[in-house]
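Summary of structural features
Listed below are the residues making up each chain.
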Amino acid sequence: MRLVVDMTKCQSYAQCCFLAPESFTFQGQEALVYDPAPTDAHRGKILQAAAACPVQAILLDRSDDPTLARRELPAPPPGPTPLGPESRVVVVGASLAGLRGAEALRREGFRGELTIIGDEPEEPYDRPPLSKQVLSGRVAPESTTLPRLEDLDAGWRLGVAATGLDLDAKQVLLADGEHIAFDRLLIATGTRARPWVDPDGAGLDGVFTLRTVDDSRRLRAALEARPARVLVVGGGFTGSEVASVCRDLDLPVTVAVRGPAPLAGALGAVVGRIAGDVQRDHGVDLRCDVSVTTLEGQDGRVRGARLSDGTFVEADVVVVATGAVRNVEWLEGSGLSSGEWGVTCDAGCRVFDLNGVVTDDVFVAGDVARFPHPVFGAEFMAMEHWGNAVEQARVAAHNMVTGQVRRWAHLSVPVFWSIQFGHVIKSVGVPSVADEVMITQGSVEDRSFVAVYGRQGRTVAAVSFDQSKLLEHHRRAIAEGAAFPPDASTVNEAPDQDLEPAGLPSTRTPWAVAEETDLVVTGDEPSEWRTTWRPRRADDQQPQLARQE
């Protein structure tokens, strides 16, 4: 069997853990870990777990899902459509976004020729387990292959990279010299790990990055050899998850963070300091406000790193976790608007050309897409989130198949999660644009709380530690333009609700909305999402949760 849990939906109700404990379990209070490729011996229990999940977060391979296996290919959408049965769609990027986009095309009724191109030899796989279950040895790297939710009937070109795009001829150029013609193109090439800045240091044995299934396989082998110490360069989500696994394996680990705390670049210094305390509680040697200046080696193997404070950290494994680079080089000279910040598109996922004119035949989805979002100032942003890849691919596929009048806009509020040190950290909205934060629910001391973020009097994000069930309320509040600070009676109200500066780096996303106006999003599904302008009222308050009796 193959399955994946949509952690953007999961609210840790634990029904799956009760019904199929061999395949699902909790770390700590809420952190779900699961086997993405369980044996057929557990099929019955897993089907029960999928059916019982209150938020339907367990997604099964079509061949394993009795509700999908009987479904016929849907009819094409009614009315004029730009794609007939003779049309050709090419997806560049055998990624999560590429696979979900291809599945959505078939679900939308596309019956023409479908080709999927990927530079790795593997079928699309799920990346979140690579820094968690795979690294810890719970799951084999090859078990992360994503389940197929639809019959694709696609031509696969795996292990060959796209090297160019000829828009005039409507062809994708491949590394093996072949040209693949298309009528519609979906770009889903994602990102790759940013390598260590010095090629000599990056080439030392024992220096790793973590992005691909091969990366996780090599790093897992290095951890199995029981290194004397692991050094993680960077305190973002990937670096923190690697450190968490190291401590689970009882390996000494040092984390070097350029900022004041781990996760501070994404969640701010207030929540970052809490994350830092969690790391120290679990035995991490955390070094903040330092940078690694050099990686030093001996006989071709890394022996440690020199830090900016003059200290030297001995380590025989170094994991460079300093962010990602978007895979856009193959688009150079194509005439599309692409660069360091991604491939620029409109809210309907149609790519802009260099003149800023939207193209009708080229779409983009996932980590590589840079798109406007009305809730966050209508500024362009790129989201390296699992949930964004899935939702954006769905919108892109719909718009590729339908005509102008029925197009959707990608307006979902971003959702992100991480599992580390036995906690599930979940985020809705965009914390990085905030200037203030308040702990609204739970207890920081208990490591179970919700922090709500605001900017210019508007709620823009919320982050939870082991309080996933409360985030759906905040997601809706963000979409509806709720006021900040919130004034809500809650089921688990924090005793002290003091406003604090969010402690984020200078905002990289400009904020263009006037203080007196709001753009809000309504609807729960892409077909329902609408943006509405609304003047801000002086008495705006966040919708209240029902108080628990």
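For clarity, every value in this text was computed on a predicted model and none was experimentally measured.

Criteria and cut-off values
- Residues numbered from 1 in each chain as written.
- Predicted model: local features only at pLDDT ≥ 70, side-chain atom pairs only at ≥ 80, totals over all residues.
- Heavy atoms only, no water.
- Core = buried A, V, L, I, M, F, W, Y, C linked by side-chain atoms within 4.5 Å.
- Buried < 20%, exposed > 50% of the residue type's maximum accessible area, 1.4 Å probe, protein only.
- Helix = DSSP H or I, 4+ residues; strand = E, 2+ residues; numbered from the N terminus.
- Contact = heavy atoms within 4.5 Å.
- Salt bridge = Lys/Arg side-chain N within 4 Å of Asp/Glu carboxyl O.
- Disulfide = S-S within 2.5 Å.
- pLDDT = per-residue confidence, 0-100.

Grouped together as the largest cluster of nonpolar side chains are 143 residues, with contacts concentrated most on Val-5, Phe-24, Ile-58, Val-172, Leu-185, Ile-187 and Tyr-453. When residues in this core are grouped by element, the largest group, 8 residues, is from helix H11 (residues 386-401). Non-local contacts of Ile-58, meaning those with residues more than four positions away in its chain, are made with Val-4, Val-5, Cys-16, Phe-24, Ala-49, Ala-50 and Cys-53. Listed in part, the 16 residues of the second largest apolar core include Trp-196, Val-292, Ala-305 and Leu-307.

Here we come to the pattern of salt bridges. Throughout the structure, instances matching the rule amount to 33 salt bridges. For Glu-123, the salt bridge is made with Arg-148, and the minimal N-O distance between the two is 2.8 Å. With Glu-123 in the loop between strand E6 (113-118) and helix H5 (133-136) and Arg-148 in the loop between H5 and strand E7 (155-158), this residue pair connects regions lying 25 residues apart in the sequence. Note that Asp-361 and Lys-170 form a salt bridge whose closest N and O atoms lie 2.7 Å from each other. A residue pair is termed long-range when its members are at least 10 positions apart, and Asp-361 in strand E25 (residues 358-364) and Lys-170 in the loop between strand E8 (162-166) and strand E9 (171-174) qualify at 191 residues. Within this structure, Arg-2, Asp-61, Glu-123 and Arg-148 form a network of salt bridges that share partners.

Let us now look at the state of the cysteines. Counted by the stated rule, this structure contains 0 disulfides. Sulfur of Cys-17: no disulfide; nearest cysteine sulfur belongs to Cys-16 and is 4.1 Å away. Residue class for Cys-17 comes out buried when judged on its relative accessible area of 14%.

On to the confidence of the model for the chain. When pLDDT is averaged across the chain, the result is 90; 90% of the residues are at 70 or more. Between residues 509-516, whose pLDDT stays under 50, and residues either more than four places distant or in other chains, the model counts 20 contacts. Below pLDDT 50 for its whole length, residues 541-549 participates in 31 contacts with residues either more than four positions away or in separate chains.

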